Amino acid sequence: MIDFELTTADQEILKLAHEQALIGQRYARYYDQHEDELPPAEFPEAANLPNLTRLAEEGVSGSSGPRILHSLVILETYGGIDLHRARWGLGNTVLKTVATPAQFDKWKDHTISIAITEPGAGSDPANIRTTATFDRETGEWIINGEKIFISQAESADAAMVFSRFIAPDGSRGMTTFLVEKGTPGFTVGPQLKKLGIRSHDTCNLLFDNCRIPEFNHIKGDFKSTMSVFNDSRPMVGAMALGVARAALDFTREKYTERGLEIDYRGGLRSRSALVDRFIRLEAIYEAALLTVLRSKWLEQQDVPPKVEASIAKAAGGKAARRITQGCIDLLGPEALSEDHPLDRCFRDGRIFDIYEGAGEIQRLIIARAILGYTGRDLR
Ligand SMILES: Cc1cc2nc3c(=O)[nH]c(=O)nc-3n(C[C@H](O)[C@H](O)[C@H](O)COP(=O)(O)OP(=O)(O)OC[C@H]3O[C@@H](n4cnc5c(N)ncnc54)[C@H](O)[C@@H]3O)c2cc1C
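Residues numbered from 1 in each chain as written. Predicted model: local features only at pLDDT ≥ 70, side-chain atom pairs only at ≥ 80, totals over all residues. Heavy atoms only, no water.

**A look at the site of the ligand**
Taken together, 21 residues sit near the ligand, with I116, T117, S123, F149 and E360 positioned nearest. A distance of 2.8 Å is found between an oxygen atom of the ligand and a backbone nitrogen or oxygen belonging to I116. For the ligand, a nitrogen atom lies 2.8 Å from a polar atom in the backbone of F149. Protein chains shield 65% of the accessible area of the ligand, which is 970 Å² for the free molecule. Looking at the shell around the ligand, the elements that each hand over two or more residues are β1 (112-115), β3 (140-151) and α11 (359-371). (Near = heavy atom within 4 Å. Polar contact = N/O pair within 3.5 Å; in protein donor to acceptor, adjacent residues only side chain to side chain. Areas by Shrake-Rupley, 256 points an atom, 1.4 Å probe, with all protein chains shown as cover. Helix = DSSP H or I, 4+ residues; strand = E, 2+ residues; numbered from the N terminus.)

**Thoughts on the environment of G80**
On the secondary structure map, G80 appears in the loop between α3 (66-77) and α4 (90-98). Residues contacting G80, with those up to four places away along its chain left out, are G24, Q25 and A28. (Contact = heavy atoms within 4.5 Å.)

**Topic: the packing of helix α9 (residues 306-331) against helix α10 (residues 342-349)**
Axis separation between α9 and α10 bottoms out at 8 Å; the angle between their running directions is 155°. As the angle between them shows, α9 and α10 are arranged roughly antiparallel. In the crossing of α9 with α10, the sense of the turn from one axis to the other is left-handed. Packed against α9, whose contacting residues are A320, R321, T324, Q325, C327, I328 and L331, the element α10 presents L342, C345, F346 and G349 at the interface. (Axes fitted to C-alpha atoms, helices over the stretch in contact; angles between N-to-C directions. Parallel < 35°, antiparallel > 145°, perpendicular 65-115°, else oblique. Left-handed = near helix turned anticlockwise from the far one by under 90°.)

**Describing the domain arrangement of the protein chain**
Split into domains, the protein chain comes out as domain 1 (8-77), domain 2 (100-219) and domain 3 (226-371). Taking the mean C-alpha position of each, domain 2 and domain 3 sit 32 Å from one another. Taken together, the contact pairs 10 residues of domain 2 with eight residues of domain 3. Each partner contributes to the roughly 730 Å² buried at the junction of domain 2 and domain 3, and carbon and sulfur atoms together form 75% of this total. Together, S123, L195 and I197 form the three largest contributors to the area buried by domain 2 at its contact with domain 3, with a combined 54%. On inspection of domain 2 and its partner domain 3, the count reaches zero salt bridges. On inspection of domain 2 and its partner domain 3, the count reaches two residue pairs in polar contact (both at pLDDT 80 or more). Its residues assigned to classes, the side of domain 2 that touches domain 3 comprises six nonpolar, three polar and one charged. (Domains from an automatic or database assignment. Buried area = accessible area lost by both parts, 1.4 Å probe. Salt bridge = Lys/Arg side-chain N within 4 Å of Asp/Glu carboxyl O. Nonpolar A, V, L, I, M, F, W, Y, C, P; charged D, E, K, R; others polar.)

**A look at the packing of aromatic side chains**
The final tally for this structure, using the stated rule, is 12 aromatic pairs. Judged by centre distance (5.5 Å) and plane angle (45°), the ring pair of W107 and F215 falls under tilted. One end of the pair, W107, is in helix α5 (residues 101-107); the other, F215, is in the loop between β7 (202-213) and β8 (217-218), with 108 residues separating them in the sequence. W107 gets classed as buried once you look at its relative accessible area, which sits at 0%. You can call F215 partly exposed: its relative accessible area is 36%. (Phe/Tyr/Trp six-rings, centres within 6.5 Å; stacked < 30°, edge-to-face > 60°. Buried < 20%, exposed > 50% of the residue type's maximum accessible area, 1.4 Å probe, protein only.)

**Here we look at the nonpolar core**
Core analysis: the largest hydrophobic core is formed by 51 residues, its most contacted members being V73, L241, Y285, I323, L342, F352 and Y355. Elements with a minimum of two residues in this core: α1 (8-33), α2 (52-58), α3, α7 (229-257), α8 (273-300), α9 and α10. Within the second largest apolar cluster, 19 residues are counted, among which are V94, L95, W107 and I114. (Core = buried A, V, L, I, M, F, W, Y, C linked by side-chain atoms within 4.5 Å.)

Okay, structure coming up:
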């Protein structure tokens, strides 16, 4: 049976997450306005506070399970800034999924970004132009290419780089290489100026005759490598809902100040249009939340949530866009003041429908699954 009731243990962790979120929100505007500065790895206030994402992942007795709880903690804290910087990047998930035990052992404590996107290759990795050629004399791979908009680029210890390869036997294909910071020929560009999530570390990467040892070739098949998105896409949905929720919470506060009561019992005849529109935004939030929980619940049952992950990502991304814009509509000009969080939520909310597969791409994946089409049939 699927049961989405939160347990007492969940609620206790989420209460702590909410307290940390309120502290994180105090810093959000500062880093929104100072995008060249990365937030510290740990804020001073965090020194005596538990790292809840780590706690959730490790497992909390009596909780709904590590995957569900982790996504809920992310949702709870995402409206502001995380007091503890994430030490896990999507590159770590690739390492865990497809690396050899020796490779995993070597880099398990590194933070590893994921570097797929290039100018001209975002939604469709088949367009990737970064190349890795094998040097028979030295036994090294030589990487050349450019990656753009890479999250955790500056703070990570290494990048998991998606590349075309030409093997010693002449075979070609797509693969991944782990490139450590400090490797000659690997340069991280300056922080990019962005519309939203300005506190996030995002830079371009350049590989110019960058030589790496054969040991750094992470040889998983491309399908297994791409399966890491089953785990991360619902998390992006949860992040999106965190931002949407911050917008809803702020709007509810303003309604209360203005004496607008949100009465869920009355029907359309008894509520004002303003209240009705707010309740409809909340309904979008609740529906999207269920898609995230379902995807994470399936993961906990060891069922790979390929389509459900896309549904959660698409629903979360769309919800963030509709809810943040809807809240601005409801509050009017006050919503656009930098004294309040809404303009930031609106700008931050846009990204969740772009990275890790844009909304359109998720809808293609969903449509293919429902209609039984291949990628070639529907693209
Ligand atoms: C802040 C930020 C952080 C990022 N972090 C990372 C990261 O860590 N690692 C990384 O590798 N990348 C990262 N990206 C890149 C991101 O994943 C890409 O921007 C995204 O995949 C879209 O690719 P694109 O920008 O090339 O757009 P395109 O693929 O050119 O798409 C442009 C538009 O066309 C639509 N579209 C494309 N193909 C189709 C189709 N077949 N049918 C219908 N519509 C279609 C898209 O949905 C989109 O709306 C990040 C981007 C940003 C903005």
